[in-house]
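Observations on the three-dimensional arrangement
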Amino acid sequence: DQTVDDSVFAQHESEVRSYCRSWPTVFTRASGSWLTDQSGRQYLDFFAGAGSLNYGHNHPVMKSALLDYISEDGITHGLDMATVAKGRFIETFAEKILVPRGLDYKIQFPGPTGTNAVEAALKLARKVTGRESIISFTNAFHGMTLGSLSVTGNSMKRAGAGIPLVHATPMPFDNYFGGVVEDFAWFERVLDDSGSGLNRPAAVIVETVQGEGGVNVARAEWLRALSELCQRRDILLIVDDVQMGCGRTGEFFSFEAAGITPDIVTLSKSISGYGLPLALTLFKSDLDVWTPGEHNGTFRGNNPAFVTATRTLEHFWSDDSLTRDVHAKGQAIHDAFTGLCETYDGISTRGRGMVQGLVFDEPTAAGKVCASAFGAGLLAETSGPSDEVVKLLPPLTISHDDLDRGLAILADSVKEVIG
Ligand code: PMP
């Protein structure tokens, strides 16, 4: 086994590097819910690649599909040429995901990452409607390229652009005023008021649970009211399911529980099932207006990712056992967090399925809890505008024992920091 001197990163890599500062070690291998660093120490992963590893690291089913594909000289890079790997993915995605849910979406491969899917969604909405502006939400996170950053609420991230962004208007997310806004009559009044300065938007972009923004959960009735508003006013509804899709909330698409059908949906992170870059923009067929090549990119068809994604859909999405598992494990995390909230002052909890947050009144406590957990061999990260939330995103496939083990570490860390 080779090792590296950990000084190479500080010496040569840009200061913008981030996760390596929360977890100051050098990792080598990973399997299931565990990572190993170069000293041989093991860490339990409660962050799962920021939601990209819903099925854990190197899952044996997808690994063997990938190894077979490579050993048979399967196409690795094919621009957006038609390949068997891509065709099998499209077929399987339609059969396992779209058709059973009655969703008539066209599939676009916009580029390798989540922000590519969001850029395509925003561009398409503007092209279809001929309108310019987009409505986004407080504390939203949609990516780091200029369009996605324009609809991202975080002022530190926005400052990274250095210059004004694309026109976007933030609205209060459901829990911004404590979940008291019942409908969008106020918004329609502003929209109709010639003095308001609000142009009719092309689209509204929303996360059903804001992951980076601090595990802010939108109520189903709020999402329904938003969807009805969009339909009434002929505004396109984009659900960004990059982080909450692929089963994280206990259903394949996070909007299913609300019974809404967005016009456009973005997916990435866990769609490959193996941590490989792959992104999808899905849209209703009448929005399929781009001419060939009007949105392109070199890495639109990650064939190895299509292979692992297809095996993932076949293995995990042929019945509802994963869904049931996510609800049970989500409940276990919620119960453990509720216990902590009852034991200590100054914390509360919120979440849905297997994205659960522990919110600290004293923001610095969340970072201290994660640092202490890292010391005890657990990877967990903060989120929220002041990094005041410990956000848990364990692999959906984590064993109950490992889940309990990680929750026990976290409880000790909370005790150490605020007990
Ligand atoms: N949308 C959401 C909801 C996200 O959570 C993220 C990533 N955290 C993105 C978009 C951007 O994805 P990527 O980092 O792959 O570009």
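Everything below is about the structure printed above this text.
Structure report, in brief. (Residues numbered from 1 in each chain as written. Predicted model: local features only at pLDDT ≥ 70, side-chain atom pairs only at ≥ 80, totals over all residues. Heavy atoms only, no water.)

A few words now on the site of the ligand. Every residue lining the ligand is accounted for by Thr 113, Gly 114, Thr 115, Phe 141, His 142, Gly 143, Glu 207, Glu 212, Asp 240, Val 242, Gln 243 and Lys 269. In the environment of the ligand, a nitrogen atom lies 3.5 Å from a nitrogen or oxygen atom belonging to the side chain of Glu 212. One of the side-chain nitrogen or oxygen atoms of Asp 240 is found 2.6 Å away from a nitrogen atom of the ligand. Protein contact buries 82% of the 390 Å² of open area that the ligand shows by itself. Residues belonging to the shell around the ligand are distributed by class as follows: two nonpolar, six polar and four charged. (Near = heavy atom within 4 Å. Polar contact = N/O pair within 3.5 Å; in protein donor to acceptor, adjacent residues only side chain to side chain. Areas by Shrake-Rupley, 256 points an atom, 1.4 Å probe, with all protein chains shown as cover. Nonpolar A, V, L, I, M, F, W, Y, C, P; charged D, E, K, R; others polar.)

The next thing to look at is the packing of helix H12 (residues 321–343) against helix H14 (residues 400–418). Relative orientation of the contacting elements H12 and H14 amounts to 20 degrees, with a least axis distance of 11 Å. It follows from the interaxial angle that H12 and H14 lie roughly parallel. Seen from above, H12 lies across H14 with right-handed handedness. Across the interface between the two elements, Asp 325, Lys 329, Ala 332, Ile 333, Ala 336, Phe 337 and Leu 340 of H12 pack against His 400, Leu 403, Leu 407, Leu 410, Ala 411 and Val 414 of H14. (Axes fitted to C-alpha atoms, helices over the stretch in contact; angles between N-to-C directions. Helix = DSSP H or I, 4+ residues; strand = E, 2+ residues; numbered from the N terminus. Parallel < 35°, antiparallel > 145°, perpendicular 65-115°, else oblique. Left-handed = near helix turned anticlockwise from the far one by under 90°. Contact = heavy atoms within 4.5 Å.)

Look at H12: 33 Å from first C-alpha to last across 23 residues, which is about the 33 Å you get at 1.5 Å a residue. Among all positions in H12, only Leu 322, Thr 323, Val 326, Lys 329, Gly 330, Ile 333, Phe 337, Leu 340 and Cys 341 are buried. (Expected span 1.5 Å × (residues − 1). Buried < 20%, exposed > 50% of the residue type's maximum accessible area, 1.4 Å probe, protein only.)

Contact geometry for helix H13 (residues 364–375) and H14: axes closest at 8 Å, N-to-C directions at 130 degrees. Judged by the inter-axis angle, H13 sits oblique to H14. In this structure, the crossing between H13 and H14 has a hand that is right-handed. Seen from H13, the contacting residues are Ala 365, Lys 368, Val 369, Ser 372 and Ala 373; seen from H14, they are Ile 409, Leu 410, Ser 413, Val 414, Glu 416, Val 417 and Ile 418. Along the lines of polarity and charge, the residues of the contact of H13 with H14 split into eight nonpolar, two polar and two charged.

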